[in-house]
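# Fold and contact review
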Amino acid sequence: MRIRFKLDGQDVEVDVKHTDTLLKVLKDKIGVGSVNFGCGEGSCGACMVLINGRLRYSCLTLAGYVDGKEVTTVAGLARDGELSEIQKAFLENDAAQCGYCTPGMILTAKVLLEKNPTPSDEELFDALAGNLCRCTGYIPIINAIKSVAKR
Amino acid sequence: MSLIASGYLTPANVQEVVSLKRKLRDKALVVAGGTAAVQLISKMIIEPQAIISLEKVPLNYVKIRANSIEIGATTPIARLIRSRGLPDALKRAAESIHGLALKDMATVGGNIFTPAPAGDIATALLALDAILILRGGGGVRSVPLSKFYKGPLQFNIRPDEILTAVKINKPPKHSAFLKQTPWKYSGPTIASVSVSLDLDRNGKARRAMVALGGLTTHPYRAKKVEKMFTGKKLTEQLIDGAAQQLTDGVEVIDDALASSWYRRELAQVLFKRILYDFISRG
Ligand SMILES: Cc1cc2nc3c(=O)[nH]c(=O)nc-3n(C[C@H](O)[C@H](O)[C@H](O)COP(=O)(O)OP(=O)(O)OC[C@H]3O[C@@H](n4cnc5c(N)ncnc54)[C@H](O)[C@@H]3O)c2cc1C
Ligand code: FES
Ligand code: FES
């Protein structure tokens, strides 16, 4: 079947099977670099995208679901070559080492701050519970998100 | 149903779902939030000929009435947290599902079908004596959640039926839910306990419902404990005695996450925490 959707602002059209996951289609068929495959079972958050503004695991979403919708990856947060505030905060706080978790971390942070601009530590940890980082020890990530929350 | 030839079906309402189910039966996989269902496909456990996605079916709602609560099957867990007037047990169970994305994707209906270590919402609903509303070729059927689980992954649902809603009649006055995971902010449920209580004027239990999750494939009610409580005033002695009976005659899961001994002990601890807290508040 053929699906059409907006990917980071651009129209795309691609042939998929009804059983294909969105992650597979983004990575293997379209060659997107701004989503990662970690576990394929909802445990790591490396594959996160926004679908019509809502946070989704692309490994747990079937490709057919995004037909006619808007998919945003972390790359789509930049405007005219300028990084968004949350992306800059990750840079400034050294919140990415290998960077594998970074797409999911930034998208989760964005959605959290939209809902709750001044999260407590408890709320931050709870929101990020679906995102694993094996490098930073989380502290720089928390600092980056808090630095945006404060502004 | 524009994509009917494609295998990815997006019926617009329950009638359309039912007519697809009548035609396709178990050849099609129903997908709500997809958090469990999509893994069945990506791990090649099943290879459905078609997907029936519930994304367009209007079953995302919470209706609070004077003496009952109705929750649509595709209501995401996140909505339970935002809704006012839901029993504490259900709210706590919803909050206990970790991470923003999962809370927004996972649905109440999907949780009822998903085996341990999932089923937290199902455990709370079981303690609230919830009733499932099923729709199929033969019309509407109500099945108490306590009669829904027939065995591991075996449900009291027909091949042409779907779950459309869960209903709680006469929501109990007091309810609670506690679970234990290996880490504070995430991880699978090792054990969970949910208790609902109605007391009479003298502080005696008119109705007591106790559900245990994580110990068996699907949650179960500790009927023996409920009988011990009914008509009695809750005391530490009664609670301690009841705790011993929680897993009586139950074959508790024993796996890499925790031994069955540990799960049994843990269930008792969670149960006592809930009830000690309850009696300490009078
Ligand atoms: C990383 C991760 C962590 C998790 N943590 C928890 C946790 O802490 N606690 C917990 O309880 N669960 C947990 N889960 C499990 C998750 O909450 C449940 O899988 C979820 O509630 C299922 O809902 P869903 O809408 O995604 O169901 P789906 O995956 O869409 O469906 C699950 C099953 O139910 C069937 N189904 C769904 N809706 C209907 C319907 N209306 N009628 C008939 N059949 C239907 C589907 O056919 C499928 O077989 C976790 C899952 C993941 C991936
Ligand atoms: S790849 Fe999707 S959560 Fe790990
Ligand atoms: S920076 Fe490497 S996993 Fe987070």
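Residues numbered from 1 in each chain as written. Chains lettered and ligands numbered in written order. Predicted model: local features only at pLDDT ≥ 70, side-chain atom pairs only at ≥ 80, totals over all residues. Heavy atoms only, no water.

### Quick look at the pairing of strand β2 (residues 28-31) of chain B
Residue and element names in this part refer to chain B. Short version of the rule: Here, strands pair whenever DSSP counts at least two bridges between them. Going along the chain from the N terminus, every DSSP run of H or I of four or more residues is numbered as a helix, and every run of E of two or more is numbered as a strand. Handedness of a crossover is defined as follows: orient the strands so they point away from the viewer, and if the path from the first strand over the helix to the second runs clockwise, the crossover is right-handed.
Bridge count for β2 against strand β3 (residues 50-53) is 4 bridges, and the pairing is parallel. Looking at β3, one finds that V31 is bridged to S53. As for the winding sense of the linkage, the β-α-β connection from β2 through helix α2 (residues 37-42) to β3 is right-handed.

### Digging into the domain arrangement of chain A
Residues and elements named next belong to chain A. Definition in use: How far each domain reaches was decided by an automatic or database domain assignment. Summed over both partners, buried area is the accessible surface (1.4 Å probe) that two parts give up on being assembled. In the sections that follow, a salt bridge refers to a side-chain nitrogen of Lys or Arg positioned within 4 Å of a carboxyl oxygen of Asp or Glu. In this classification, the charged set is Asp, Glu, Lys and Arg, the nonpolar set is Ala, Val, Leu, Ile, Met, Phe, Trp, Tyr, Cys and Pro, and all remaining amino acids, among them Gly, are polar.
Domain parsing of chain A yields domain 1 (2-77) and domain 2 (85-150). A buried area of about 1300 Å², summed over both sides, lies between domain 1 and domain 2, and 64% of it is on carbon and sulfur atoms. Where domain 1 packs against domain 2, one counts 0 salt bridges. Those elements that place two or more of their residues in the side of domain 1 that touches domain 2 are β3 (48-51) and β4 (54-57). The dominant element in the side of domain 1 that touches domain 2, judged by the number of residues it contributes, is β3, at 3 residues. For the side of domain 1 that touches domain 2, a count of residues per class yields 10 nonpolar, 8 polar and no charged.

### Comments concerning the interface of chain A and chain B
The condition is simple: We call two residues in contact when some of their heavy atoms are within 4.5 Å.
Contacts between the two partners involve 29 residues from chain A and, on the opposite side, 30 residues from chain B. For the pair chain A and chain B, the summed buried area comes to about 2400 Å², and 62% of that belongs to carbon and sulfur atoms. When the buried surface of chain A facing chain B is broken down by residue, H18, L60 and L62 of chain A rank first, second and third, together holding 25% of it. Viewed at the interface, chain B and chain A are joined by 6 salt bridges. At the level of secondary structure, the elements contributing two or more residues to the side of chain A that touches chain B comprise β4, α3 (102-115) and α4 (121-127) of chain A. Residue composition of the side of chain A that touches chain B, grouped by class: 13 nonpolar, 8 polar and 8 charged.

### A short note on the domain arrangement of chain B
Residue and element names in this part refer to chain B. Just so we agree on the cut-off: Between N or O atoms, a polar contact is any pair within 3.5 Å; within protein, one atom must be a potential hydrogen donor and the other a potential acceptor, and residues adjacent in sequence are included only when both atoms are from side chains.
Domains assigned within chain B are domain 1 (7-53), domain 2 (62-169) and domain 3 (188-280). A straight line from the C-alpha centre of domain 2 to that of domain 3 covers 20 Å. Taken together, both faces of the contact between domain 2 and domain 3 bury some 1400 Å²; the carbon and sulfur share is 61%. Three residues stand out in domain 2 for area buried against domain 3, namely T123, L126 and A127, and they jointly supply 35% of the buried area on that side. For the interface between domain 2 and domain 3, the tally reads 1 salt bridge. We note a salt bridge from R221 to D129, for which the minimum N-O separation is 3.0 Å. The interface formed by domain 2 and domain 3 contains 7 residue pairs in polar contact (both at pLDDT 80 or more). Sort the elements by how many residues they give to the side of domain 2 that touches domain 3 and helix α7 (residues 120-127) lands first, with 6 residues. Split into classes, the residues belonging to the side of domain 2 that touches domain 3 amount to 14 nonpolar, 5 polar and 2 charged.

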